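Per-entry structural report
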Amino acid sequence: MRRLAVNIDALSLNELKTLRAQVDRAIASYEDRRKKEALAELEEVARKMGFSLPELMAIQGERKRKPGTAKYANPADPSQTWTGRGRKPNWVTQALDAGKSLSDLAI
């Protein structure tokens, strides 16, 4: 690691801002190089195993959540159901406000 000998206290405000901009660019450049090195290493490992990296990354996106099973139904209209996840439908809110419990709405 190189050690820079800079007397920061002797720099003007403009020189300090310039130095900060140079440091920010150097950090961004360093991070970009490290990302490229990591990507090249991952591509090499994938190639050795007989795959391409985009091919392996596509596998990750194939996993999807199954739709939830309905646990509650509207007594006035049994076609309206709710899994119990997410925001409560209006008919559930209205039934709860009317004094019913979720167990009264259970399928």
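To keep things clear, this report deals only with the structure shown in the data block. In this convention, every chain numbers its residues from 1, walking through the sequence in written order. The predicted origin of the model limits local features to residues at a pLDDT of at least 70 and limits the giving and counting of side-chain atom pairs to 80 or more, whereas totals for whole chains, interfaces and linings rest on all residues. In computing side-chain properties, one takes all heavy atoms of the structure into account and sets aside hydrogens as well as water.

1. Focus on the overall build of the protein chain
Numbering goes from the N terminus for both helices and strands, where a helix is a DSSP run of H or I of at least four residues and a strand is a run of E of at least two. Scanning the protein chain from terminus to terminus reveals 4 helices and 2 strands. What you see in the protein chain, going N to C, is helices and strands ordered as α-α-β-β-α-α. As a reference, a globule follows 2.2 Å times the number of residues to the power 0.38, and the radius of gyration itself is taken over C-alpha atoms. Relative to the globule expectation of 13 Å for 107 residues, the C-alpha radius of gyration of the protein chain, 30 Å, shows a markedly less compact shape. Along the first, second and third principal axes, the C-alpha set of the protein chain runs to 80 × 50 × 15 Å. Looking at the protein chain residue by residue over its 107 residues, the buried ones come to 10%. Working rule for contacts: check all heavy atoms of both residues, and any pair within 4.5 Å makes them a contact. Partitioning the intrachain contacts of the protein chain with sequence separation of at least 6 by distance along the chain shows that 23% fall at a separation of at least 24. Of the roughly 9,700 Å² of accessible surface on the protein chain, 54% is carried by carbon and sulfur atoms. Only four residue types enter the tally: Lys and Arg on the positive side, Asp and Glu on the negative side, with His and both chain ends excluded. A charged residue contributes its charge at one atom only: NZ of Lys, CZ of Arg, CG of Asp or CD of Glu. Separation between the mean location of the 20 positive side-chain charges and that of the 14 negative ones in the protein chain comes to 3 Å. Three exposure classes are used, based on accessible area relative to the maximum for each residue type with a 1.4 Å probe and protein chains only: buried under 20%, partly exposed in between, and exposed over 50%. Every accessible area reported is derived by Shrake-Rupley at a probe size of 1.4 Å, with residue values counting cover from the shown protein chains alone.

2. Thoughts on the environment of Ser101
As for its position among the elements, Ser101 is in the loop between helix H3 (90-97) and helix H4 (102-105). A 3.5 Å cut-off defines polar contacts: any pair of N or O atoms within that distance qualifies, except that in protein one atom must be a possible hydrogen donor and the other a possible acceptor, and neighbouring residues in sequence count only when both atoms are side-chain atoms. A distance of 2.8 Å separates polar atoms of two side chains, one belonging to Ser101 and the other to Ser103.

3. Here's the deal with H3
Structural remark: α-helix, 3.6 residues per turn; residues separated by three or four positions point the same way. For H3, the complete set of buried residues consists of Trp91, Val92 and Ala95. Down the axis, H3 shows its buried residues gathered within 100 degrees of arc, on one side only. In this structure, H3 carries Asn90, Gln94 and Asp97 as exposed residues pointing more than 90 degrees from its buried face. Among the residues trailing H3, Gly99 stands out with phi positive, at a value near 105 degrees. Arc definition: it is the arc formed by the directions from the helix axis to the C-beta atoms.

4. Considerations on the nonpolar core
Only buried residues count toward a nonpolar core, which is a set of Ala, Val, Leu, Ile, Met, Phe, Trp, Tyr and Cys residues joined through side-chain atoms within 4.5 Å. Tyr72, Trp82, Trp91, Val92, Ala95 and Leu105 together form the largest nonpolar core, which totals 6 residues. In terms of residue count, H3 provides more of this core than any other element does, 3 residues in total. If near-sequence neighbours (up to four positions away) are discounted, Tyr72 is found in contact with Gln80, Thr81, Trp82, Thr83, Gly84, Trp91, Leu102, Leu105, Ala106 and Ile107.

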